Amino acid sequence: MKIHFKISYYTYWGQRLLVSGNIPELGNGDLAKSLSLNYESPEEWTAEIEISASTELKFNYKYILFNEQTGIYIEEWGDDRYVRLDTAKMEHYFCIDSWNSPASVENAFLTAPFQKVLLKSDRDDEAFVEEKKITHTFNVKMPLLKNDEALCIIGDCDLIGNWVTSNPRLLKKGFDNWWTISLDLSKQKNDVHYKYGIVNKKNIQFKYFESGPDRIAPVMNSKKSIVQISDGFVRINNTSWRGAGVGIPVFSIRTLKSFGVGDFVDLKLMVDWAQKVGLKLIQILPLNDTIGTHTEEDVLPYAAISAFALNPLFLNLPAMGKLPEEHPLQQSYTTTQSFLNNQDLVPFMEVINFKLQYAKALYQIQKNDFLDDDNFKLFYSQNEHWLVPYAVYCVLRDQYGTPDYSQWGDYALFDASKIAAFNSPDHIQYDEVAVNYFIQYHLHTQLSKTAQYAHLHEVVLKGDIPIGVNRFSVDTWVSPQLFNMNMQAGAPPDMFSVKGQNWELPSYNWGEMQRSDFDWWKKRFAQMSNYFDTFRIDHILGFFRIWQIPINQIEGIMGHLSPSVPIHINEFAQKGIWFDYNRFCKPYITDSILWDVFGEEMPWVKANCLQIEDGWLLRLKPAFQHQKTVHEMFINDEISESLKWGLFDLISNVLFFEVEGSAGKLFYPRFGMDTLRSFGDLDNYTKDRLKELYVDYFYRRQDNNWYYAGMQKLPRLKRATNMLICGEDLGMMTNCVTSVMNELGILSLEVQRAPKTNKKEFFHPADAPYLSVVTPSTHDMSTIRGWWEEDRGITQRFYNSQLGHWGEAPYFCDWWICRDILLQHLYSPAMWAIFQIQDLLSISDELRRTNPHDERINVPSNSKNSWRYRLHINLEDLMEKDEFNNELRNFIVHSGR
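As a starting point, this report considers the structure included with it. Quantities reported herein were computed from a predicted structural model and do not represent experimental measurements.

**Some points on the overall build of the protein chain**
(1) Moving on: What the protein chain contains, in helices and strands, is 29 helices and 35 strands.
(2) Moving on: The C-alpha radius of gyration of the protein chain comes to 31 Å, within 12% of the 29 Å expected for a compact globule of 897 residues.
(3) Moving on: Each principal axis of the C-alpha atoms in the protein chain carries an extent, and together these give about 100 × 80 × 75 Å.
(4) Moving on: Scored against the burial criterion, the 897 residues of the protein chain give a buried share of 58%.
(5) Moving on: Considering only contacts in the protein chain between residues 6 or more positions apart, those separated by 24 or more positions represent 72%.
(6) Moving on: In the form shown here, the protein chain has an accessible surface area of approximately 38,200 Å², with 49% of it arising from carbon and sulfur atoms.
(7) Moving on: Charged side chains in the protein chain number 89 positive and 113 negative. The centres of these two groups are separated by 5 Å.

Laid out in structure tokens, this is it:
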């Protein structure tokens, strides 16, 4: 028998369509061996295969768009095209399909948060008539169909009503969200025109047709043929669903039972409050273990020592179990809890030290029963790939007093056989290893129960995946080949940091990750899906390009884009510029600059830090040419802090960085070069030509390269999970990032005060695309009230142009201003409006914090001293604030969210 494939898709030159499936004729799932379709017209592609099997045949398939120029395969979304047939009873099977674009809005509603929680439906089979003989099967999806509605098909033949709506044929809810109906159209002589419609489920009263032209079902002459039509989605307005959410770090939650920090059990009370006021989502910050040094530096949530392990900071101790009454930790528990819980900020070290001591003491009491527990054994077997290396890492970190595994002697290089021996129950340090299993198991159990609790209360949890991992993490120890250990990831200068950001995290070796089919990332997503329904990809630009800083530099300003197409030396000549390597690529130092930077310390700097070259040029001595060595001098009290920053400025006063290994042929322009004294002292002609090269490098020539880089990674990663993906696409945006996110249906982030174009000062929430998240602030920004006081000129323009108020703006951000901003976001067309809890509380004079500058979570330029914000009100008390809660719920409900 023959199986025929037909799909409509408009292609461009160099593109062709393939069909792939899990049978040999379709390549057995290997995209490179997929069956190529034949081009029939600008929008029609067809193919056929011969099947010799004489028994029942089952297989699944999908369509792929292949670009011959780039070699990129773009798979349609979903894995739900199936063929089920008896080859002995038919001669032809026609698969007539519609391309399922990842960009289709409807696919968002088939992701975990909607299918598991927000649109969850236990529908009974609708009343429908089953045909004894069938020639056609119609399949279609409608994820936003309401519980009191059903789908029907109406068309131009007797069997489907002759366009009369009084007796519609109902479809049945089938597998994988398909609605289906099988009909016998063998008596029809011509193609059948039809549409889908919506009826009232209870009384089968017709409500309305889908939009668009008639659909057409071809009628075949052969009696031994079946036509399977997959029509994609019912054509209705699928942008009507909108939700609101709250963003709060778990550590910021405050309850009467907290232990100086929010924990996974406290999060349940946050779910209760969200449900009470009509919020459908809670967004939290990364939860991975960050304990590398046992110092205050471990507070950073974006520098995890494991991409998989959860942070013991979030343990709820009573939920783990109680120590004997005579135990010192149990005796001090109540007084310690009271003291820590009364702190305004998170007392990080006090909390983490007590929780670790408590967990270790409890393990010693429960270890025999724990290690023999079937639930733990299941957890261990499912997580062994990361759990064992992590547990041994923690022991070695504490044993050697450093997370820098290069100092771990025989364990400096990860050796699976050595780790297996370390993990043996017979090993002298096994209890030190196993206590980490104990902690991780309880963290997993507590967070899992909270996620289930959220689902029961129709609230979804949104996680956060950091772009990087700690340089001295379990991941870099186990798989160093996946990282560029000689580089640091960061960000160029922006509104958050004038000198850029250096996250001190190694960048990714994407080539090596691709060779393993992104296995590390897929496992990471799988781990996230244990607890979360949706997640935010931190700094999604990093999947297209990353800002890389050499390991011997400190400031983000010393970085460059990777991958990127650098400037070739010949391009300077083409612009009519004589390329002076010493002038362009070495720090530009003059007596005037030295005086402006160092003042009275100028003579000391000239005598100790500089040398003369070529008779008159001032150059840094070798010991002062890199920021890292200068910083070490400061740490060792060899130079003052003012000298350190001044030397940093000298080192960064360069126009171009030579590409390593290019033999002086390729160069990266230094970001913001036009602001440098080195640039300012050039002649106008040279400045204008260098500016042209600069603009071309940063804003023009990279797009195709970055588009390709993004499409090599993100489609594969998106297919690895059914969580709804949101991208944090702030920063130096380019068109290719927006294009890829749109093509893949990844939600964007839209921040009112941070538009993605320099052509306007503010972004209005009313202009947001549907597949987006709108928010007035993020954890890296000041809150609405804090921002209002930062720049009087900006807030005045915002007050007049964005809020539409006349006259002078109030000096302080009054409650009604916060309310107006809140309402703007609630009425945005975006799928999600998510607010920091500080901004929600700001609409109440009673509940808002007195000083708005105490509400900020993180200052990117001073990140190590951030991340300690706590709510100033207990959630139990907030639950009782009926006037505020009712008002907020009223705003949310009336906005349609």
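**Observations concerning the sheet that holds strand β20 (residues 281-283)**
(1) Moving on: Pairing is parallel across the open sheet formed by eight strands, whose spatial order is β32-β24-β21-β20-β19-β35-β34-β33. Lying at the two open borders of the sheet, with one neighbouring strand each, are β32 (724-727) and β33 (748-751). The sheet shows a mean angle of 25° between the axes of neighbouring strands, direction not considered.
(2) Moving on: In the sheet, strand β21 (residues 460-465) pairs with strand β24 (residues 534-537) via four bridges, with the strands oriented parallel. Across the sheet, the residue bridging to K462 is T534, located in β24.

**Some details on the packing of helix α6 (residues 333-341) against helix α7 (residues 348-371)**
(1) Moving on: The contact between α6 and α7 brings their axes to 11 Å, and the two run at 155°. As summarised for this structure, α6 and α7 are arranged roughly antiparallel, according to the angle between their axes. Between α6 and α7 lies a crossing whose hand is left-handed. Along its contact with α6, which presents Y333, T336 and L340, the element α7 presents E350, V351, F354 and Y358.
(2) Moving on: Of the residues that constitute the contact of α6 with α7, the class distribution is five nonpolar, one polar and one charged.

**Thoughts on empty space enclosed by the protein**
(1) Moving on: Per the counting criterion, the structure on display carries six cavities of 30 Å³ or more.
(2) Moving on: As a volume, the largest cavity reaches approximately 150 Å³.
(3) Moving on: Forming the walls of the largest cavity are 17 residues, and the residues nearest its centre are L287, N288, L310, M528 and F532.
(4) Moving on: The set of elements that each furnish at least two residues to the lining of the largest cavity consists of β21 and α13 (519-528).
(5) Moving on: Its boundaries defined by the atoms lining it, the second largest cavity holds a volume of some 110 Å³.
(6) Moving on: Of all the secondary-structure elements, those providing two or more residues to the lining of the second largest cavity are α1 (105-108) and β32.

**Things to note about the layout of surface pockets**
(1) Moving on: For the second largest pocket, the calculated volume is near 810 Å³.
(2) Moving on: Along its surface, the second largest pocket is lined by 25 residues, and Q553, C585, H626, F657 and E658 are the ones closest to its centre.
(3) Moving on: The set of elements that each furnish at least two residues to the lining of the second largest pocket consists of β22 (483-491), α15 (581-585), β29 (617-620) and β30 (656-658).
(4) Moving on: Looking at the lining of the second largest pocket element by element, the count peaks at three residues for β30.

The rules behind the values
- Residues numbered from 1 in each chain as written.
- Predicted model: local features only at pLDDT ≥ 70, side-chain atom pairs only at ≥ 80, totals over all residues.
- Heavy atoms only, no water.
- Helix = DSSP H or I, 4+ residues; strand = E, 2+ residues; numbered from the N terminus.
- Rg over C-alpha atoms; globule rule 2.2 N^0.38 Å.
- Buried < 20%, exposed > 50% of the residue type's maximum accessible area, 1.4 Å probe, protein only.
- Contact = heavy atoms within 4.5 Å.
- Areas by Shrake-Rupley, 256 points an atom, 1.4 Å probe, with all protein chains shown as cover.
- Lys, Arg positive; Asp, Glu negative; His and termini not counted.
- Charge placed at Lys NZ, Arg CZ, Asp CG, Glu CD.
- Pairing = 2+ DSSP bridges.
- Axes fitted to C-alpha atoms, helices over the stretch in contact; angles between N-to-C directions.
- Parallel < 35°, antiparallel > 145°, perpendicular 65-115°, else oblique.
- Left-handed = near helix turned anticlockwise from the far one by under 90°.
- Nonpolar A, V, L, I, M, F, W, Y, C, P; charged D, E, K, R; others polar.
- 1 Å grid on protein atoms, 1.4 Å probe; cavity = no way out; pocket = protein on both sides within 12 Å on 5 of 7 lines; lining within 4 Å.
- Points joined across faces, edges and corners; volume = space filled by probe spheres on them.

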